[in-house]
Amino acid sequence: MLKFLIRRTMQSLVTVFLLFTIVFLMTRATGDPVGLLVPPEVGAETVAHVRQNLGLNEPYYVQYALFLKSILTADLGTSFLARRPVMDLILERLPVSMILAVASMLLGVLLAFPLGILSALKRGRKIDSCIQIFGAFGIATPQFWIGLILIQIFAGHLGLLPVGGAESWRHFILPTCTLGLLQACSMLRILRSNMIEALGTDFVALARAKGLSEARVVGVHALGNAVLPVLTFGGLLLASLMTGTIVVESVFALPGLGRLAYDAALFRDYPLVQGVVIVAGVIIIAINLLIDVSYAFIDPRIQLDNS
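Residues numbered from 1 in each chain as written. Predicted model: local features only at pLDDT ≥ 70, side-chain atom pairs only at ≥ 80, totals over all residues. Heavy atoms only, no water.

1. A look at the packing of helix α7 (residues 143–157) against helix α8 (residues 173–199)
In the contact formed by α7 and α8, the axes pass within 9 Å of each other and the chain directions differ by 140°. Classed by the angle they form, the pair α7 and α8 counts as oblique. At the point where α7 passes α8, the crossing takes the right-handed sense. On α8, the residues that touch Gln143, Ile146, Gly147, Leu150, Ile151 and Phe154 of α7 are Leu174, Cys177, Thr178, Leu179, Leu181 and Leu182. By residue class, the composition of the contact of α7 with α8 is nine nonpolar, three polar and no charged. (Axes fitted to C-alpha atoms, helices over the stretch in contact; angles between N-to-C directions. Helix = DSSP H or I, 4+ residues; strand = E, 2+ residues; numbered from the N terminus. Parallel < 35°, antiparallel > 145°, perpendicular 65-115°, else oblique. Left-handed = near helix turned anticlockwise from the far one by under 90°. Contact = heavy atoms within 4.5 Å. Nonpolar A, V, L, I, M, F, W, Y, C, P; charged D, E, K, R; others polar.)

What follows is the structure, given as structure tokens:
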């Protein structure tokens, strides 16, 4: 186990280093931000002064060295536009995105597992068809449309829930339902397919032949083997939700990390773009590492396959 953990950790560190390099190169490939920061009528001397203050007049290799040094010292720089430390801006927005992502994933799991298992057990029946239609509808329907419908019903007509801001838990109900529906529909389809495959295997037939209860056969033997692909998919969904909620955050006016990333990219705020992508990338890499470790605990054969 220790050897497996060390190898996976080293691979993750290499991935983090590659992430830093790609982020640095890609942000500078978007263009010069000075033109967005100073009025067009200013003189060349003012432009040069701005470039010097921002460190943009240095060669790329010098900028890259300073970039790596700042990351290693937990300093992500200062936002060009807000003139505030990037880390402060990220820490202000990150809790909103984390709450939304975790709540949406929990809702998705609570819906996906019972529906996916029921659909697999009732394969070919009407309830299975209804669940599959529900899954296809949730995946095919745009999130912004679902959000607008929920706003119209629960905030507009019924006046039960607030829209906009993140002052209390009630502000997260509608965006959580909007995102949770997609997570549930995506996971239940994968879980259904894997459950059907697991229920047809020899070890499930052997478990039934031993006289084990149907609940134990389904909940332990079948589900235990069908959950690994769902775990991977769920982990990737959770990681993507951390920063991929720009549309939902815009619809519900949530001050999250996704909206911050969009604004930073729009105005070519290099330090802020770099900071958001780095934090998001490290979170995604960490989640993938945790998924690999959880795989090893759930199925020890994975350690042997990778040894």
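2. Remarks on the packing of helix α5 (residues 86–121) against α8
Taken N-terminus to C-terminus, the directions of α5 and α8 make an angle of 35°; their axes are 6 Å apart at the nearest point. Where α5 crosses over α8, the two elements pack in a sense that is right-handed. For the contact of α5 with α8, the class distribution of residues is 22 nonpolar, seven polar and one charged.

3. Here we look at a nonpolar patch on the surface
A grouping of Phe137, Phe144, Trp145, Leu148, Ile149, Ile153, Phe154, Leu158, Leu160 and Val247 is seen on the molecular surface, where their side chains present a nonpolar patch of about 900 Å² in accessible area. Top contributing element to the nonpolar patch by residue count: α7, with six residues. Within the fold, Phe144 resides in helix α7. The exposure class of Phe144 is partly exposed, given its relative accessible area of 43%. (Patch = residues over 30% accessible without salt bridge, like charges linked within 9 Å, V, L, I, M, F, W, Y side chains within 5 Å. Areas by Shrake-Rupley, 256 points an atom, 1.4 Å probe, with all protein chains shown as cover. Salt bridge = Lys/Arg side-chain N within 4 Å of Asp/Glu carboxyl O. Buried < 20%, exposed > 50% of the residue type's maximum accessible area, 1.4 Å probe, protein only.)

4. Remarks on the nonpolar core
The biggest cluster of nonpolar side chains holds 39 residues, and the ones touching the most others in it are Leu191, Met195 and Leu199. The set of elements that each furnish at least two residues to this core consists of α5, α7, α8, α9 (202–209) and α10 (214–243). Apart from residues lying up to four places away in sequence, Leu191 is in contact with Ala112, Phe113, Gly116, Ile117, Leu223, Ala226 and Val230. By size, the runner-up hydrophobic cluster in this structure holds 22 residues, among which are Ile71, Ile90, Ala264 and Val273. (Core = buried A, V, L, I, M, F, W, Y, C linked by side-chain atoms within 4.5 Å.)

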